[in-house]
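Tertiary structure, described
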Amino acid sequence: MSDRLSVFKTYKLYVGGKFPRSESGRVYEVTDAKGNWLANAPLSSRKDARDAVVAARKAFGGWSGATAYNRGQVLYRVAEMLESRKEQFVREVADAEGLSKSKAAAVVDATIDRWVWYAGWTDKIAQVLGGANPVAGPYFNLSSPEPTGVVAVLAPQESSFLGLVSVVAPVIATGNTAVVIASEKAPLPALSLGEVLATSDVPGGVVNVLSGRTAEIAAPLAAHQDVNAIDLAGADEALAKELEIAAADNLKRVLRPQAVDYFETPGTERMTAFLETKTVWHPTGSLGAGGSSY
């Protein structure tokens with residue numbers, strides 16, 4: 001029999017590239033699908049939510065200004081790091097969702113593949129959404145997508161890892177920064193994802209992960225004047241309605257909750273949801289039989 005003491009893991013928030021405890025000092029018990037204790041997770045406060053928004057805004061300029069190719073490289077690095085920690089995530093997903101080891105492994109594999117999928121889209125989405133527009137007159141008219149800004153993301157409650165990545169990856173792939181509220185009952189995969197992001201070349205503040213009571217954290221984020229958009233994937237019908245009303249104050253973009261099979265190929269909807277279209281007009285000069293005057 002081993003005489004070693006058990007070394008329990010302390011889960012922390014991930015804000016601004018660092019791992020703080022909740023400023024309130026509160027925690028709550030996380031249990032597995034059978035009700036067995038797994039860990040104590042930080043119970044985030046409104047102050048934690050505001051701090052996360054500050055970190056996300058600070059990181060936005062550098063992340064949105066990076067080349068799409070570079071963002072793709074960074075996202076691919078996340079997939080590499082997830083692959084190297086697959087055993088840990090299989091265990092955490094199995095405990096969180098009450099799955100067998102083989103089914104949890106399938107979820108983790110699909111999650112890693114999802115990261116790779118979005119990594120490949122970073123430098124291609126502009127070709128899908130942008131381009132030259134035919135206009136009457138001597139002008140070049142060009143449209144291109146630009147990130148919306150800081151996006152609050154309510155992660156799905158039931159799909160603690162694949163669903164989480166499916167709503168976070170498209171936000172950052174397109175140059176936005178994110179404040180993520182992990183699944184309330186199964187936050188541990190999300191908190192562990194923060195550890196992966198911290199070692200994957202993702203600049204601090206691009207993704208900020210909070211755990212705790214979804215409604216308690218989401219309310220200040222929906223009303224926050226420096227949050228530009230909100231994804232309500234993890235909200236029930238009543239909470240979603242309340243948050244939509246709060247989000248209207250500064251005309252946030254709102255992606256409403258919908259039934260999603262996260263194993264299906266996601267398409268481009270979640271990327272386009274948080275992109276703006278910028279259109280530029282430029283005179284071409286006089287065009288005639290001889291072509292441009294210059």
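Scroll up a little and you will see the structure.
Described below are features of the structure shown in this document. This structure is a prediction, so every number in the text was calculated from the model and none was measured.

Rules of the game
Residues numbered from 1 in each chain as written. Predicted model: local features only at pLDDT ≥ 70, side-chain atom pairs only at ≥ 80, totals over all residues. Heavy atoms only, no water. Pairing = 2+ DSSP bridges. Helix = DSSP H or I, 4+ residues; strand = E, 2+ residues; numbered from the N terminus. Core = buried A, V, L, I, M, F, W, Y, C linked by side-chain atoms within 4.5 Å. Buried < 20%, exposed > 50% of the residue type's maximum accessible area, 1.4 Å probe, protein only. Contact = heavy atoms within 4.5 Å. Axes fitted to C-alpha atoms, helices over the stretch in contact; angles between N-to-C directions. Parallel < 35°, antiparallel > 145°, perpendicular 65-115°, else oblique. Left-handed = near helix turned anticlockwise from the far one by under 90°. Nonpolar A, V, L, I, M, F, W, Y, C, P; charged D, E, K, R; others polar.

Before going further, it helps to spend a moment on the sheet that holds strand E3 (residues 131-132). Strand order in the open sheet formed by three strands is E3-E4-E10, and the pairing between neighbours is antiparallel. Strands at the two margins of the open sheet, each flanked by one partner only, are E3 and strand E10 (275-283). As paired elements, E3 and strand E4 (residues 139-147) share two bridges and run antiparallel to each other. Pairing of Ala132 across the sheet is with Leu142, part of E4.

Moving on, we come to the nonpolar core. In terms of nonpolar packing, the biggest core is built from 63 residues, with Leu82 and Trp115 touching the most fellow members. Ignoring any residue separated from it by four or fewer positions in sequence, one finds Leu82 in contact with Phe89, Ile112, Trp115, Phe161, Leu193 and Val196. With 25 residues, the next largest nonpolar core counts Leu13, Val150, Ala235 and Leu239 among its residues.

It is at 9 Å that the axes of helix H1 (residues 46-65) and helix H8 (residues 214-223) come closest, and there the two elements cross at 45°. Judged on the interaxial angle alone, H8 and H1 are oblique. The crossing of H1 and H8 is right-handed. Counted together, Arg46, Ala49 and Val53 of H1 and Glu216, Ile217, Ala219, Pro220 and Leu221 of H8 form the full contact between these two elements. For the contact of H1 with H8, a count of residues per class yields six nonpolar, no polar and two charged.

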